[in-house]
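# Residue-level structure breakdown
Take a look at the letters that make up each chain.
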Amino acid sequence: MPKLRGEAFWRETLRSAHYVVAPMVDQSELAWRLLSRRHGAQLCYTPMLHAQVFLRDANYRRENLYGDACPEDRPLIVQFCANDPEVFVQAALLAQDYCDAIDLNLGCPQMIAKRGHYGAFLQEEWDLLQKMILLANEKLSVPITCKIRIFADIDKTVKYAQMLEKAGCQLLTVHGRTKEQKGPLAGVASWDHIQAVRKAVSIPVFANGNIQCLSDVEECIRKTGVHGVMSAEGNLHNPALFEGRNPLVWEMAEEYLEIVRKYPCPLSYVRAHLFKLWHHTLQVYQQLREELAKVKTLDGIVDVNRELKLRCQEEIANQKEGEKPKEGLPFFHWICQPYTRAGPKERCRENGTEKSVRGKRTLEEEEDGNSELLSKNKQKKKLRNPNKSFDPSLKPKYAKCDQCGNPKGNKCVFNMCRGCCKKRAFKETADCPGHGLLFKTKYEKSLSWQHSQRGIQAPEISQRGEAEVGEMAMLKEAGDSTA
């Protein structure tokens, strides 16, 4: 059967999907995808998978895809991050029988993507991306799709999308934010960019960004003309978003936990989902927040969920007539609802006349004893160990590697960290006893072994030659006597 392309692929294979659950690392696992499908989602993506790890590690393949095969979990698109055409295609070949398309992640803006050189940090390398998509389009039996972030300039974004389409991309998801727009600086996604891309390409386009409820989905489709809308944060806080409902949190949580019992996943995934679902309630019941963070078993999480449900039901029973939600929420905290990520914090002076926008904490700000300036992670560590200090002046000082700035090895002959030392020692065929690198020694040993082997082989050859001459002489004598 020929591979479907473009509109035909979206219409027949993806069943004209309008409501799409985004690929989310450690969050769009099978259990969550099934919950989302029960409540209106028409297409789901797997979490982003590392192509290189997927290719070399059978356990990784089983845990992230092969072991999750489920008839109800279709249509399904598997997303990979990669920066090498051959690696990407070989990984995709191992995954294509378990999905309906392969997606190349070109939208991840996180630091790990920058260090690994993938995601949105490939968006300037058009030649490389063309090679990856061309090869995938040629070798795979399923279509290749891409998820991208925009450039600040609309024209450049349009040319980027057209390049991907020309290379063989059959469906494009456009996140209407640049790679710099992330975390507290995310801001509003640009639907104008998405609309421009939709008009400029002939393949189906999905929009991503600014989706918190079903009315946002409908407005996005109307304004941009896209084929479908993808949701990430909105879906995590309300799995029934695509149904246009705002159910009670414990209903969604209990249903999800039942699915997890049937299709197990790491406890960290489950905990993270409950933190999202119960986000607003956990601001009220801080003690239960701590319990949810510490619990070590699925039964323990179920118990915390049950306690949260009881507290909310008790609050509902004692609710006064006409009482309105607090903290500016559209609904009471026990109802699934959107969460708007706060921007950079503003601190005002006591008289309220001056404001200063606070950016990221510096190490100097995170001094011991001032818990307001400590990150949440460090505050948790402080709770577990009250004597722990985060004063940077008390941290041990390490000499830096001459090459990269990481701590160097104390006994390194090159004054480098192990990684840089290994590269230099290999290049120069040198030794570094401090790092246990013996390239020179091993090379010399190999040469001496080769010389010794040649010395052994020479006498053997001469002895074999003498034996052959003697044998020839005997044959000759025998021949003469016969004659």
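Higher on the page you've got the structure.
Residues numbered from 1 in each chain as written. Predicted model: local features only at pLDDT ≥ 70, side-chain atom pairs only at ≥ 80, totals over all residues. Heavy atoms only, no water.

### Here's the deal with the pairing of strand 8 (residues 205–208)
The alternating pattern of strand 8 places V205 and A207 and F206 and N208 on opposite faces, both of which are buried. Note: strand 7 (residues 172–175) against strand 8, 4 bridges, orientation parallel. Bridge pairing links L172 to V205 in strand 8. Handedness of the crossover joining strand 7 and strand 8 through helix 9 (residues 191–200) is recorded here as right-handed. With 3 bridges joining them, strand 8 and strand 9 (residues 228–231) adopt parallel strand pairing. Looking at strand 9, one finds that F206 is bridged to G228. Handedness of the β-α-β unit built from strand 8, helix 10 (residues 214–224) and strand 9 comes out right-handed. (Buried < 20%, exposed > 50% of the residue type's maximum accessible area, 1.4 Å probe, protein only. Helix = DSSP H or I, 4+ residues; strand = E, 2+ residues; numbered from the N terminus. Pairing = 2+ DSSP bridges. Right-handed = clockwise from strand over helix to strand, strands pointing away.)

### Here's the deal with helix 8 (residues 154–167)
Its 14 residues place the ends of helix 8 20 Å apart at the C-alpha level, agreeing with the 20 Å of an ideal helix rising 1.5 Å per residue. On its buried side, helix 8 packs onto strand 5 (101–106), helix 7 (126–139), strand 6 (144–149), strand 7 and helix 9. After helix 8 finishes, the residue G168 shows a positive phi value of roughly 130°. (Expected span 1.5 Å × (residues − 1). Contact = heavy atoms within 4.5 Å.)

### Structural notes on the pattern of salt bridges
The final tally for this structure, using the stated rule, is 14 salt bridges. Put simply, E233 and K276 hold a salt bridge, and the shortest N to O gap is 3.5 Å. Of this pair, E233 sits in helix 11 (residues 233–237) while K276 sits in helix 13 (residues 267–277); the two residues are 43 residues apart in sequence, bridging distant segments of the chain. On the basis of relative accessibility, which here comes to 24%, the residue K276 falls in the partly exposed class. In this structure, E307 and R311 form a salt bridge, with 3.0 Å as the shortest nitrogen-oxygen distance. Taken together, the residues span about one helical turn, with E307 and R311 both in helix 16 (residues 298–317) at a distance of 4 residues. (Salt bridge = Lys/Arg side-chain N within 4 Å of Asp/Glu carboxyl O.)

### Describing the nonpolar core
Counting 111 residues, the largest nonpolar core has F80, F88, I102, L164 and L172 as the members making the most contacts within it. Residue contributions to this core peak at 8 residues, all from helix 12 (residues 249–262). Residues contacting I102, with those up to four places away along its chain left out, are I77, V78, F80, F88, A92, A95, Q96, L140, V142, P143, I144 and T145. With 11 residues, the next largest nonpolar core counts C412, C417, C420 and A425 among its residues. (Core = buried A, V, L, I, M, F, W, Y, C linked by side-chain atoms within 4.5 Å.)

### Brief notes about the layout of surface pockets
The space that makes up the second largest pocket amounts to roughly 360 Å³. Of the residues that constitute the lining of the second largest pocket, the class distribution is 6 nonpolar, 5 polar and 5 charged. (1 Å grid on protein atoms, 1.4 Å probe; cavity = no way out; pocket = protein on both sides within 12 Å on 5 of 7 lines; lining within 4 Å. Points joined across faces, edges and corners; volume = space filled by probe spheres on them. Nonpolar A, V, L, I, M, F, W, Y, C, P; charged D, E, K, R; others polar.)

### Side note on the packing of helix 9 against helix 10
At a minimum axis separation of 9 Å, helix 9 and helix 10 run at an interaxial angle of 50°. The pairing of helix 9 with helix 10 is recorded here as oblique in orientation. Across the interface between the two elements, W191, I194, Q195 and R198 of helix 9 pack against D216, E219, C220, K223 and T224 of helix 10. (Axes fitted to C-alpha atoms, helices over the stretch in contact; angles between N-to-C directions. Parallel < 35°, antiparallel > 145°, perpendicular 65-115°, else oblique.)

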